[in-house]
Structure formats: C-alpha cells, structure tokens
Amino acid sequence: MEDYIINVGKIEELQMINDIDGLDSIFQRAKRILVGGGIVALVRQQRSGQVDRFDEFSNLEDFEAYKKNVYKYLNQ
C-alpha cells in the first residue's frame, strides 16, 4: 500500500480559513490508510519546490494525537 502524504502547508491553510470540512476529508482518508496497514507521512513543500518529509504515523494513537492538535484552536 502506498503512503498517504499530507502537506502541512495545506493543513495550515485550512486551519487559517477554519475549513473543518476540508480537514475532516483529509483526516478521514488518512485514517482509512492507517486502518488498512499503510503509513501517513507529513511533508512540507519549500518555495523551491523541494518536498521535505519530516514525520510519519503508522498507528492510530499517534495520528489521533496529531489530529487533535490540528483541531485544537478551531471554532467548531
């Protein structure tokens, strides 16, 4: 199974505009990958176009902690 890549720049953008539906969509897909035995990777794209992979999740517990942190300051 291929890794699911989450661009944290996109996550930050969705946080800024309080797009909870957009975040939910990304996190639901990521959770399906984890349940299926895959890995969810966090990447940040630089202005040069270079993509840096800096973290990954292979279990739901760690992923849910990350998700909770993303939603922490949103108006829900």
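Anything mentioned here points back to the structure above.
Criteria and cut-off values
Residues numbered from 1 in each chain as written. Predicted model: local features only at pLDDT ≥ 70, side-chain atom pairs only at ≥ 80, totals over all residues. Heavy atoms only, no water. Helix = DSSP H or I, 4+ residues; strand = E, 2+ residues; numbered from the N terminus. Buried < 20%, exposed > 50% of the residue type's maximum accessible area, 1.4 Å probe, protein only. Core = buried A, V, L, I, M, F, W, Y, C linked by side-chain atoms within 4.5 Å. Contact = heavy atoms within 4.5 Å. Pairing = 2+ DSSP bridges. Axes fitted to C-alpha atoms, helices over the stretch in contact; angles between N-to-C directions. Phe/Tyr/Trp six-rings, centres within 6.5 Å; stacked < 30°, edge-to-face > 60°. Expected span 1.5 Å × (residues − 1). Arc of directions from axis to C-beta. Polar contact = N/O pair within 3.5 Å; in protein donor to acceptor, adjacent residues only side chain to side chain.

Student: Kindly report on unusual backbone geometry, identifying the contributing residues and their values.
Tutor: Even without glycine at this site, Asn18 takes up a positive phi of about 60°. Considering the arrangement of structural elements, one finds Asn18 in the loop between α1 (8-16) and α2 (20-35). Relative accessible area serves as the criterion here: at 30%, Asn18 is assigned to the partly exposed category.

Student: Help me get a handle on the nonpolar core, residues and values and all.
Tutor: Core analysis: the largest hydrophobic core is formed by 20 residues, its most contacted members being Ile6, Ile11, Leu23, Phe27, Val40, Phe63 and Tyr66. Broken down by secondary-structure element, the contributors of at least two residues to this core are β1 (4-7), α1, α2, β2 (40-45) and α3 (60-71). For this core, the element with the most residues is α2, which contributes 7 residues. For Val40, the contacting residues outside a window of four places in its chain are Tyr4, Ile6, Ala30, Leu34, Asp55, Glu56, Phe57 and Phe63.

Student: How would you summarise the pairing of strand β3 (residues 51-57) if you had to cite specific residues and measurements?
Tutor: As paired strands, β2 and β3 are joined by 6 bridges and run antiparallel to one another. Paired with Leu42 across the two strands is Asp55, which belongs to β3. Hairpin connection of β2 to β3: 5 residues between the antiparallel strands, including Gly49 at a positive phi of 100°.

Student: Give me the lowdown on the sheet that holds β1, citing residues and values where you can.
Tutor: Across the sheet, which stays open at both edges, the 3 strands sit in the order β1-β2-β3 with mixed pairing between neighbours. Looking at strand neighbours, the two that pair on one side only are β1 and β3, the edges of this open sheet. Looking at each pair of strands side by side, their axes are set apart by 30° on average, direction ignored. Bridging between β1 and β2 involves 4 bridges; their strand directions are parallel.

Student: Any details on the packing of aromatic side chains? Residues and values, ideally.
Tutor: Inspection of the entire model under this criterion finds 5 aromatic pairs. Ring centres of Phe57 and Phe63 lie 6.0 Å apart, and the angle between their planes is 70°; this geometry places the pair in the edge-to-face category. Since its relative accessible area comes to 0%, Phe63 is described here as buried. Through pairs of rings, three or more aromatic residues link up here, namely Phe27, Phe57, Phe63, Tyr66 and Tyr71.

Student: Help me get a handle on α2, residues and values and all.
Tutor: Along an α-helix, a turn takes 3.6 residues, which lines up residues three or four apart on a common side. Here α2 spans 22 Å end to end across 16 residues, near enough to the 22 Å set by a 1.5 Å rise per residue. Every buried residue of α2 is listed here: Ile20, Gly22, Leu23, Ile26, Phe27, Ala30, Ile33 and Leu34. Down the axis of α2, the sector holding all buried residues measures 160°, keeping them to one side. With respect to the buried face of α2, the exposed residues turned more than 90 degrees away are Asp21, Arg32 and Val35. In this structure, the buried side of α2 is in contact with β1, α1, β2, β3 and α3. One side-chain oxygen of the residue at the start of α2 lies 3.4 Å from the amide nitrogen of Asp21, identifying that residue as Asp19. Directly beyond the C-terminal end of α2, a positive phi value near 95° is found at Gly37.

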